[in-house]
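Here are the chains, one letter per residue:
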Amino acid sequence: MADILDKPAPVRRAGTGKAWTRRRGPVTYLVRLVVVTYLFFLVAWPVYLVGQNTFQEGFDDLQAILSDPDIVHALHLSLEIAIISVLINTVFGVLISILLVRYRFPGKRLLNALLDLPLSVSPVVVGLSLVLVYGGRNGWFGPTLESWGLQIIFAEAGMVMATVFVALPLVIREVVPVLQEIGDEQEQAARSLGANALQTFVRITLPSIKWGIIYGVVLSLARSLGEFGAVKIVSGNVLGLTRTAPLVVEEKYLNFDKGGAYATAFLLALVAVASIIVVSVLRPKEER
């Protein structure tokens, strides 16, 4: 029985009716070795070195940054901005995904292309664009908004906007393929039985796409926590007010406090990696 289970499943050739078995040759193992080596030196090894340098002096560097009120504020601010950004991107990401998959409308291709813009445009350009639009002095809307008591640039609102922009496609690109795969037959059946749009979404659509949403949320959280360029432009990098954790890493490294830079970077990486690992472990096998 064990021998049977270990054998690769036969695959049927299209148009022939004959089944053949995939065999693992030397090329397969060579490709695996190249991919693993590439990922090891590009991802795993640098992340490991950050952790190694963090604990080079024991827990002194971690204790130092966690006892500094300005760094603690930066960590709290990064987490707060990331959570707000993830909530916004999740709600609008799901709505946009349903719009793209379930409806036809003029400009659909243009909207689909624009959603990839945050992945192709430099975050620094994003930050500068927000300053030009919402800047308090020369921005299009900034002076009017500030006259109403609402400051965007050099405030948390602008930092949230910049983070939302750079992480916008991550939830959408995880949910859209799932919606395309499940189709809309069950949704049509629910509507034919008298369910309204909200009931159909809650009882049919949402359970079907929940793991796509969860994985998109994790990717969005990791991206939001580590955002640097756009946030630096719109925040002003004011110590104790608008300085986030990635900006602390830069400040510590430029001031030759490499221990503090490594420790802060380690905490950011720890949250992101832990989130991805937890989701991967808890995700059902049939959903992987």
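### Focus: the pattern of salt bridges
Where side chains of opposite charge bring their charged atoms close, a pairing between them can arise. Inspection of the entire model under this criterion finds six salt bridges. Note that Arg243 and Glu251 form a salt bridge whose closest N and O atoms lie 3.9 Å from each other. Glu251 sits in the partly exposed class, given a relative accessible area of 24%. Notably, a salt bridge pairs Lys252 with Asp257, separated by 3.4 Å at the nearest N-O pair. A residue is classified by how much of its surface remains accessible, and Lys252, at 14% relative accessible area, is buried. By relative accessible area, which is 31% here, Asp257 ends up partly exposed.

### Observations concerning the packing of aromatic side chains
What describes a pair of aromatic rings is the distance from one ring centre to the other and the angle between the planes of the rings. On inspection of all chains with the given rule, the structure shows six aromatic pairs. When the centroid spacing of 5.1 Å and the interplanar angle of 85 degrees are considered together, the rings of Phe40 and Phe41 count as edge-to-face. Plain terms: the ring middles of Phe40 and Trp45 are 5.8 Å apart, the flat faces sit at 35 degrees to each other, and that makes the pair tilted.

### With respect to the nonpolar core
Among the nonpolar cores identified, the biggest contains 15 residues, and Ile81, Leu130, Ile153, Met159, Ala162, Ala230 and Val234 are the most heavily contacted of them. Among the elements of the structure, helix H4 (69-102), helix H7 (123-134), helix H9 (156-182) and helix H12 (229-235) are those that each provide at least two residues to this core. Take this core: its biggest share by element is five residues, from H9. Residues Leu62, Ala245, Val248 and Leu268 belong to the second largest nonpolar core, which totals nine residues.

### Things to note about a nonpolar patch on the surface
Together, Val27, Val31, Val35, Tyr38, Leu39, Leu42, Val43 and Val47 give the surface a local cluster of nonpolar side chains, amounting to about 740 Å² of exposed area. Mapped onto the fold, Leu39 is located in helix H2 (residues 26-54). The class of Leu39 is partly exposed, set by a relative accessible area of 43%.

### As for H9
Between its terminal C-alpha atoms H9 stretches 39 Å, which fits the 39 Å expected from 27 residues at 1.5 Å a residue. At Ala167, H9 shows its maximal bend, which comes to roughly 45 degrees, and the proline Pro169 appears one to four places after that position. Gly183 sits one or two positions beyond H9 and adopts a positive phi of about 70 degrees.

### Remarks on the environment of Pro106
Structurally, Pro106 can be placed in the loop between H4 and helix H5 (108-114). In this structure Pro106 comes out as exposed when scored by relative accessible area, which is 82%. Here the alpha-carbon distance between Pro106 and Arg32, two residues 74 residues apart in the chain, equals 44 Å.

### Let's talk about the confidence of the model for the protein chain
On average, residues of the protein chain carry a pLDDT of 86, and 90% of them reach 70 or more. No element of the protein chain has a lower mean pLDDT than helix H1 (residues 2-6), which averages 43, and none a higher one than H4, which averages 94. Contacts for the low-pLDDT stretch residues 1-11, under 50 throughout, to residues beyond four places or in other chains number nine contacts. Counted against residues more than four places away or in other chains, residues 13-20, with its pLDDT under 50, gives 11 contacts.

### A closer look at the side chain of Asn237
One can find Asn237 in the loop between H12 and helix H13 (245-254). For Asn237, the side chain forms a polar contact with the side chain of Arg243, separated by 2.8 Å. Filtering out sequence-adjacent residues up to four positions away, Asn237 remains in contact with Thr242, Arg243 and Leu247.

### Points about unusual backbone geometry
Although it is not a glycine, Asn237 adopts a positive phi angle of roughly 55 degrees. Backbone geometry places Phe256, a non-glycine residue, at a positive phi of 65 degrees. The exposed category is assigned to Phe256, whose relative accessible area is 74%.

### Re H7
In a regular helix each residue adds 1.5 Å, so 12 residues correspond to 16 Å; H7 covers 16 Å between its end C-alpha atoms and thus fits that length. Where the residues of H7 are buried, they touch H9 and H12.

### Here we look at the environment of Ile204
Along the polypeptide, Ile204 turns up in helix H11 (residues 197-225). By relative accessible area, Ile204 is classed as partly exposed at 22%. Here the alpha-carbon distance between Ile204 and Val278, two residues 74 residues apart in the chain, equals 25 Å. Here Ile204 is in contact with Gln186, Glu187, Ala190 and Gln199, once residues within four sequence places are set aside.

Cut-off values and rules
- Residues numbered from 1 in each chain as written.
- Predicted model: local features only at pLDDT ≥ 70, side-chain atom pairs only at ≥ 80, totals over all residues.
- Heavy atoms only, no water.
- Salt bridge = Lys/Arg side-chain N within 4 Å of Asp/Glu carboxyl O.
- Buried < 20%, exposed > 50% of the residue type's maximum accessible area, 1.4 Å probe, protein only.
- Phe/Tyr/Trp six-rings, centres within 6.5 Å; stacked < 30°, edge-to-face > 60°.
- Core = buried A, V, L, I, M, F, W, Y, C linked by side-chain atoms within 4.5 Å.
- Helix = DSSP H or I, 4+ residues; strand = E, 2+ residues; numbered from the N terminus.
- Patch = residues over 30% accessible without salt bridge, like charges linked within 9 Å, V, L, I, M, F, W, Y side chains within 5 Å.
- Areas by Shrake-Rupley, 256 points an atom, 1.4 Å probe, with all protein chains shown as cover.
- Expected span 1.5 Å × (residues − 1).
- Bend = angle between axes of the 7 residues up to and from the residue.
- pLDDT = per-residue confidence, 0-100.
- Contact = heavy atoms within 4.5 Å.
- Polar contact = N/O pair within 3.5 Å; in protein donor to acceptor, adjacent residues only side chain to side chain.

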